[in-house]
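# Tertiary structure, described
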Amino acid sequence: MTSKANYSQGLLLFSLKNKRQFALGTLKIRELVPYRPVTPMMNTAVGVKGALTIRDQTISVIDMGEVIGLGPMTESQLQNAFIIVTDCQRKVVGFIVRQIDKIVETNWREIKQPDPILGRDVFITGTVEIEDKLIQLMDVELLLNNIYPPDPRAAMAVVTDIQREQLKPMNILVVDDSSTARRQLTDVLGLLNVPFHVTNDGKKALVHMHEQAAAGHPVNLLVSDIEMPGLDGYELTFEVRSAPALAGAYIILHTSLSSEISVSQAQQVGANEALTKFDAKELVLSMLRGVDFFKNSK
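Since the model is a prediction, treat every value here as computed from it, not as a measurement.

### Considering empty space enclosed by the protein
With a probe scaled to a water molecule rolled over the atoms, the places where space remains empty come into view. Applying the stated criterion to the full structure yields two cavities of 30 Å³ or more. Volume-wise, the largest cavity comes out at about 150 Å³. If you go around the largest cavity, you meet 16 residues; those closest to its centre are Lys28, Trp108, Thr125, Met138 and Glu227. Its residues assigned to classes, the lining of the largest cavity comprises six nonpolar, four polar and six charged.

This is the structure we're talking about:
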């Protein structure tokens, strides 16, 4: 069967202070603007250069190279720099980069997980080979998490004892390629004392689901990111719905993109719900709807 979820995505290639190329998915990008002076702000995190008003919206402007440890750009470098305005995790911010190279089309299947030897908290979410060059995809979620640490209370969701006990028997699988997003999602379940499994890509998730089904414990609730290397959330959903032993799972896709298109595509491939991440209350409410789905289907 051919997957109708085989979506290609544009990647914006850009260079930082060291002239090395990196990439961002174009779905996370609002626009590109030439660098212009910003208004400094008090008590900001490392890399936050100030504020700038673009199209009647005031946003924070961040030196991406400085955040990842390359040091700030010089005044002469800033003269020819660009600002990439992104919309991710319900935050609109601008990232200063040294040079904009081009936009290329790629398929998520061609994107590979970064080498584990790099460690857990690198700012890279995947790698892809383009024109014989290895390009690293920037993990915007981790960048934003470092600059704007989440409120610990954001991982708390209030549930009744009955609701907690309803969630506990569920076989729950969480899938996300971003270490930051995985921690956010699993912290919610951990604080509720609800058991779960977690994996960092769609291929491993699919293998896990087949193993669980073969053992007589099929996954009930699948919570998956949409934008992942190798096998994205759309394709994972399509594969699950195409396999009779897995198809009964209640599927919740989530995305850092503030886009109705992502939600529409999630529904087209068979997801039960699609959320913009991250909101603990929304996530738990959607999982409880999954519990009701199983109760009503008996």
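Back to the write-up after that little detour.
### Focus: the sheet that holds strand β3 (residues 29-34)
Across a sheet, strands are paired by hydrogen bonds formed along the backbone, either parallel or antiparallel in direction. Reading across from one edge, β3-β6-β7-β5-β4 is the order of the five strands in this open sheet, with mixed pairing throughout. Lying at the two open borders of the sheet, with one neighbouring strand each, are β3 and β4 (48-54). Looking at each pair of strands side by side, their axes are set apart by 30° on average, direction ignored.

### Points about the sheet that holds strand β12 (residues 197-199)
Reading across from one edge, β12-β11-β13-β14-β15 is the order of the five strands in this open sheet, with parallel pairing throughout. What marks the edges here is a single partner per strand, and that holds for β12 and β15 (273-276). Neighbour to neighbour, the strand axes of the sheet diverge by 20° on average, direction disregarded. Summarising the sheet, strand β11 (residues 172-175) and strand β13 (residues 221-225) pair through four bridges and their orientation is parallel. The residue bridging Val174 from the neighbouring strand is Val223, located in β13. Seen against the sheet, helix α5 (residues 179-191) touches β11, β12 and β14 (250-255) and runs at an angle of roughly 160° to β11.

### Re the pattern of salt bridges
Applying the stated criterion across every chain, the model contains eight salt bridges. Of the charged contacts, one joins Glu165 and Lys168 as a salt bridge, the two residues approaching to 3.4 Å between their closest N and O atoms. Overall, the relative accessible area of 27% leaves Lys168 in the partly exposed class. Measuring nitrogen to oxygen at the nearest pair gives 3.9 Å for the salt bridge that ties Asp292 to Lys295. Note that Asp292 and Lys295 are positioned in helix α9 (residues 280-297) at a spacing of three residues, about one turn of the helix.

### So, α5
If you check α5, its first and last C-alpha atoms are 18 Å apart, about what 13 residues at 1.5 Å a residue would give, namely 18 Å. Taken as a whole, α5 has its buried residues at Ser179, Thr180, Ala181, Gln184, Leu185, Thr186, Val188 and Leu189. Buried residues along α5 sit against α3 (140-147), β11, β12, β14 and α9. At the C-terminal side of α5, Asn193 shows a positive phi close to 60°.

Thresholds, definitions, all that
Residues numbered from 1 in each chain as written. Predicted model: local features only at pLDDT ≥ 70, side-chain atom pairs only at ≥ 80, totals over all residues. Heavy atoms only, no water. 1 Å grid on protein atoms, 1.4 Å probe; cavity = no way out; pocket = protein on both sides within 12 Å on 5 of 7 lines; lining within 4 Å. Points joined across faces, edges and corners; volume = space filled by probe spheres on them. Nonpolar A, V, L, I, M, F, W, Y, C, P; charged D, E, K, R; others polar. Pairing = 2+ DSSP bridges. Helix = DSSP H or I, 4+ residues; strand = E, 2+ residues; numbered from the N terminus. Axes fitted to C-alpha atoms, helices over the stretch in contact; angles between N-to-C directions. Contact = heavy atoms within 4.5 Å. Salt bridge = Lys/Arg side-chain N within 4 Å of Asp/Glu carboxyl O. Buried < 20%, exposed > 50% of the residue type's maximum accessible area, 1.4 Å probe, protein only. Expected span 1.5 Å × (residues − 1).

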